[in-house]
Amino acid sequence: MIESEKDLVVIGGGPAGLLSAISASKNKVDVTLLESKEVIGLHEHCAGLLSIDGLKSLDLLNLPSDVIQNSEIRGSRLYSPTGKLLVVQKSRPTAWVVNRARFDAYLASLATDLGVDIRTSSRVKQITRQKESLKYHLGKKSSSSMLSSKLTILAEGRFPSLNEQIGLPKPSRKDVIFASQFIMSGVRDIDTELVEIYQYNSLVPGFFAWIIPINDSTAKVGLGTTIPPAGRKLDDIIRKHPIAKKKLSSAKIEKRMSGAIPIGSHIKKTFTDNALVVGDAAGQTKPTTGGGVIFGGLAAKIAGEVVGKALEKNDFSSRFLSQYERKWKKEFGFNLKIMKIVRNYLNSLNDDYVEKLFTKLNKPKIKEKISKFGDVDEQAKIVFRLLSNLSLWPFVIGTGMRFLFKKN
Ligand SMILES: Cc1cc2nc3c(=O)[nH]c(=O)nc-3n(C[C@H](O)[C@H](O)[C@H](O)COP(=O)(O)OP(=O)(O)OC[C@H]3O[C@@H](n4cnc5c(N)ncnc54)[C@H](O)[C@@H]3O)c2cc1C
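What you see is a predicted model; the values in this text were computed from it and never measured.

Asker: Quick question: what am I supposed to make of the packing of helix α1 (residues 15–26) against helix α3 (residues 100–113) here?
Answerer: To describe two helices that pack against each other, one gives the angle between their axes and the distance between the axes. It is at 9 Å that the axes of α1 and α3 come closest, and there the two elements cross at 20 degrees. Considering their axes alone, α1 and α3 lie roughly parallel with respect to each other. Our pair here, α1 against α3, has a crossing hand that is left-handed. Taken together, the residues of α3 that come into contact with α1 (itself represented by Pro15, Leu18, Leu19, Ala21, Ile22 and Ser25) are Asp104, Leu107, Ala108, Leu110 and Ala111. Tallied by class, the residues present in the contact of α1 with α3 amount to nine nonpolar, one polar and one charged.

Encoded structure:
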């Protein structure tokens, strides 16, 4: 059975899909959202660390209290492989820790209130073009077998299967981080206002490990790496890192989760006739930290607005929809580029150089600069501020040369 043609079909009920649906709906678009899982937010796969400024830009500062797990994060404790410590913090909270399953469920409730038709257990298996619209072939569990619409927003997350079916690229599999995370109780010596980051390249190649406090004894403990298995590496960090082992060796694992994060930066093109791509499916994830909810959400908000205008003008052409890409790139495209360079540079350092970098950064003036200009989302700002510090240049040039020659 094929239903009457929809204006907009959003595929994927993660934050990017839901925020696209909310934005489009606020722009007077009739939206149908298709999600393959039975329940929105099922299988939480995220640490849920979100910047307060980012949430503000997404009009999400009034999250219900049961979504917020910690609203006091104002900085980080960064640890080197041998346990050297660098603390950077602001005078006020800058991020919240949220329960991602409840966060997604809350977004779904906002979307439903705005009239979005959310259909769970509805996996889109295939998209085909027909004249002026797109036709969706749905999996067996779906209540309808086919739908069609004038426009689509693809928000399938990290391993999209549909981008290529309509001629768009997907994030490279080569630049994926495999992540594992435990919720642990009985964690010792954590500060509820500070996230802990462990940069230990030989044990955690390609990324880092983290402890994100929920309260003074419960935390999300995780890591990401380019070389799986991530779970075994997380056990190694817990047992072997001189600082982490003191905090975690007697803690209890309450819950395990795993996932993947595309950190190769955005795909080359995020629009085509009748379609836009948002979120992880477009690679709108920060290469430095793997955070994707805020940038994906900002892109989603723009996508919803552009779809609204396209319907108003009755123009679904690639040329008209290209304004989506121009706008999101203006918002955070430059930051993504700088973050990718920083990530590649950090990954190129061996543990000895990481130790040296910690020593270089652990100077009062530099720490002051990091604390003042460091920003969870706009990371380019702090990179340029640090580079304006001449004392760092010999180290950056020396290790940068190694990085360039090693890489190419
Ligand atoms: C361990 C870990 C920790 C993380 N920590 C953070 C963090 O602290 N802060 C942060 O900002 N980000 C974090 N991230 C990244 C963040 O989780 C993602 O960037 C974010 O979930 C991307 O949202 P999305 O909507 O693009 O994709 P998803 O959240 O993956 O949602 C995609 C949805 O689409 C559905 N879907 C897929 N294909 C189809 C189809 N064909 N038909 C119908 N439905 C489909 C899926 O079932 C899924 O529900 C973390 C990721 C991991 C793995």
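From this point on, the discussion continues.
Asker: Help me out: how do you make sense of the sheet that holds strand β16 (residues 252–262) in this one?
Answerer: Neighbouring strands of a sheet are bound in pairs by backbone hydrogen bonds; such pairs are parallel or else antiparallel. Read from one edge to the other, the open sheet built from seven strands follows the order β6-β5-β13-β14-β15-β12-β16, with strand pairing classed as mixed. Of all the strands in the sheet, the pair left with one neighbour each is β6 (85–89) and β16. Between one strand and the next, the sheet's axes are offset by a mean angle of 20 degrees, whatever the strand orientation. Strand direction decides the pairing type here: strand β12 (residues 176–185) and β16, joined by 10 bridges, are antiparallel. Directly across from Ile177, in β16, lies its bridge partner Ile261. Docked against the sheet, helix α4 (residues 230–240) engages β12, β13 (194–198), β14 (209–213), β15 (218–225) and β16, running at close to 125 degrees with respect to β15.

Asker: Before we go on, may I ask you to explain the sheet that holds strand β7 (residues 95–98) in this structure?
Answerer: With respect to topology, three strands assemble into an open sheet ordered β3-β7-β4, the strand pairing being antiparallel. Taken across any chain shown, the strands that pair with only one partner, and hence form the sheet edges, are β3 (49–51) and β4 (68–73). Each neighbouring strand pair of the sheet contributes to a mean axis angle of 25 degrees, computed without reference to strand direction.

Asker: Sorry, what's going on with the domain arrangement of the protein chain here?
Answerer: Many analyses report the size of an interface as the accessible area lost when the parts associate. By domain assignment, the protein chain separates into domain 1 (6–46 + 101–173 + 266–334), domain 2 (74–95 + 174–262) and domain 3 (340–407). Measuring from the centre of the C-alpha atoms in domain 1 to the corresponding centre in domain 3 gives 36 Å. Contacts between the two partners involve four residues from domain 1 and, on the opposite side, six residues from domain 3. Among the residues making up the side of domain 1 that touches domain 3, the classes are represented as three nonpolar, one polar and no charged.

Asker: Mind showing me how you'd approach the site of the ligand here?
Answerer: Close to the ligand lie 41 residues; Gly14, Gly157, Gly259, Gly279 and Gly292 are nearest. Put simply, the parts of the chain that give the shell around the ligand at least two residues each are α1, β3, β12, β16 and α6 (293–313). Grouping the constituent residues of the shell around the ligand by class yields 17 nonpolar, 18 polar and six charged.

So, how was this worked out
Residues numbered from 1 in each chain as written. Predicted model: local features only at pLDDT ≥ 70, side-chain atom pairs only at ≥ 80, totals over all residues. Axes fitted to C-alpha atoms, helices over the stretch in contact; angles between N-to-C directions. Helix = DSSP H or I, 4+ residues; strand = E, 2+ residues; numbered from the N terminus. Parallel < 35°, antiparallel > 145°, perpendicular 65-115°, else oblique. Left-handed = near helix turned anticlockwise from the far one by under 90°. Contact = placed C-beta atoms within 7 Å. Nonpolar A, V, L, I, M, F, W, Y, C, P; charged D, E, K, R; others polar. Pairing = 2+ DSSP bridges. Domains from an automatic or database assignment. Near = placed C-beta within 6 Å.

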